[in-house]
Amino acid sequence: MNTTQEPATILVVEDEPKLARLLADYLRAAAYEPVIVERGDQALAAVAEHRPALMLLDLNLPGMDGIEVCRALRRHSDLPVVMVTARVEEIDRLLGLELGADDYICKPFSPREVIARVRAVLRRGEARRGGPGPEAVVEIDAESRRVVVGGRPVSLTAVEFGLLAALVERPGRVFSRAELLDRIYDDWRDVSDRAVDSHVKNLRRKLDDALPGRTLIHSVYGVGYRYEPEPASG
Ligand code: CA
């Protein structure tokens, strides 16, 4: 970490004062600079004023809800957004709306979990800007449909290839099973969510053969899957 850098500003859009203060305390302890706004209709002005590195955005807000804030923001900005929701079932609906949020956290959460997710999203952004960094452990050639994992060629079925390509295209983004089905089948009315799970299981086994001990595809409870290589250990 570059210690000469100023602390990254994190905009917290949260109308519960206690929760906002708690988040701010934890962010400060993690060397971030929190800015709190309590209304959705103040969020975009705060982005312009404070130029945050990331926005923690509650879904239910006075003035303008989190969905509207995210939509309005995405018209002109790719600022990382972590959405905070009250119910895990809500996340699936939000994914379907394709808001372009970078991650989702469900209440109640531990502040520690929030900090970990904020760090992960910011790190992903840095990796994107810095080009293929150490995170580029999976290489996919869409034309030849060749896949190389950790330097080793991996042979995948067409469905496994489609799954992996969809996930790797957006590291860290959570895909619902329905979204993944959409990407891999032209007509998936007869295909069950369980089928996705079973394809992902096979895909994971092949990835683990090529790169043992590194988790690349993560299950997101109640939602689906996301691709995010864990840092290599040692
Ligand atoms: Ca709220």
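Structure's up top.
In short, a report on the structure. Computed from a predicted model, the values in this text were never measured in an experiment.

The rules behind the values
Residues numbered from 1 in each chain as written. Predicted model: local features only at pLDDT ≥ 70, side-chain atom pairs only at ≥ 80, totals over all residues. Heavy atoms only, no water. Phe/Tyr/Trp six-rings, centres within 6.5 Å; stacked < 30°, edge-to-face > 60°. Lys NZ or Arg CZ within 6 Å of the ring centre and 35° of its normal. Pairing = 2+ DSSP bridges. Helix = DSSP H or I, 4+ residues; strand = E, 2+ residues; numbered from the N terminus. Axes fitted to C-alpha atoms, helices over the stretch in contact; angles between N-to-C directions. Contact = heavy atoms within 4.5 Å. Salt bridge = Lys/Arg side-chain N within 4 Å of Asp/Glu carboxyl O. Buried < 20%, exposed > 50% of the residue type's maximum accessible area, 1.4 Å probe, protein only.

**Comments concerning the packing of aromatic side chains**
So, step 1. A full pass over the atoms with the stated rule returns zero aromatic pairs.
So, step 2. When the ring centre of phenylalanine 175 is taken as origin, the NZ or CZ atom of arginine 173, which lies over that ring, is 4.5 Å away.

**Quick notes on the sheet that holds strand E1 (residues 9–13)**
Pairing between sheet strands relies on hydrogen bonds along the backbone, with the strands arranged either parallel or antiparallel.
So, step 1. Read across the sheet, five strands follow the order E2-E1-E3-E4-E5 without closing on themselves; strand pairing throughout is parallel. Among the strands making up the open sheet, the edge pair consists of strand E2 (33–37) and strand E5 (103–106). Averaged over all pairs of adjacent strands, the angle between strand axes in this sheet comes to 20°, irrespective of strand direction.
So, step 2. On top of the sheet, helix H2 (residues 43–50) reaches E1, E2 and strand E3 (54–58); it is set at about 170° to E1, its chief contact.
So, step 3. Most of the contacts of helix H4 (residues 88–96) go to E5, to which it runs at about 160°, and overall it touches strand E4 (81–85) and E5.

**Focus: the pattern of salt bridges**
So, step 1. Tallying each qualifying case throughout the model produces 15 salt bridges.
So, step 2. The closest approach of N and O atoms between lysine 107 and aspartate 58, which form a salt bridge, is 3.2 Å. Note that lysine 107 is positioned in the loop between E5 and helix H5 (111–129) and aspartate 58 in strand E3, a separation of 49 residues in sequence.
So, step 3. On the accessibility criterion, aspartate 58 (4% relative accessible area) is buried.
So, step 4. Between arginine 117 and glutamate 113 there is a salt bridge, with its nearest N and O atoms 2.3 Å apart. A residue pair is termed a helical-turn pair when its members lie 3 or 4 positions apart in one helix, as arginine 117 and glutamate 113 do in helix H5 at four residues.
So, step 5. Owing to a relative accessible area of 33%, glutamate 113 belongs among the partly exposed residues under this scheme.

This is a description of form; function is not addressed.
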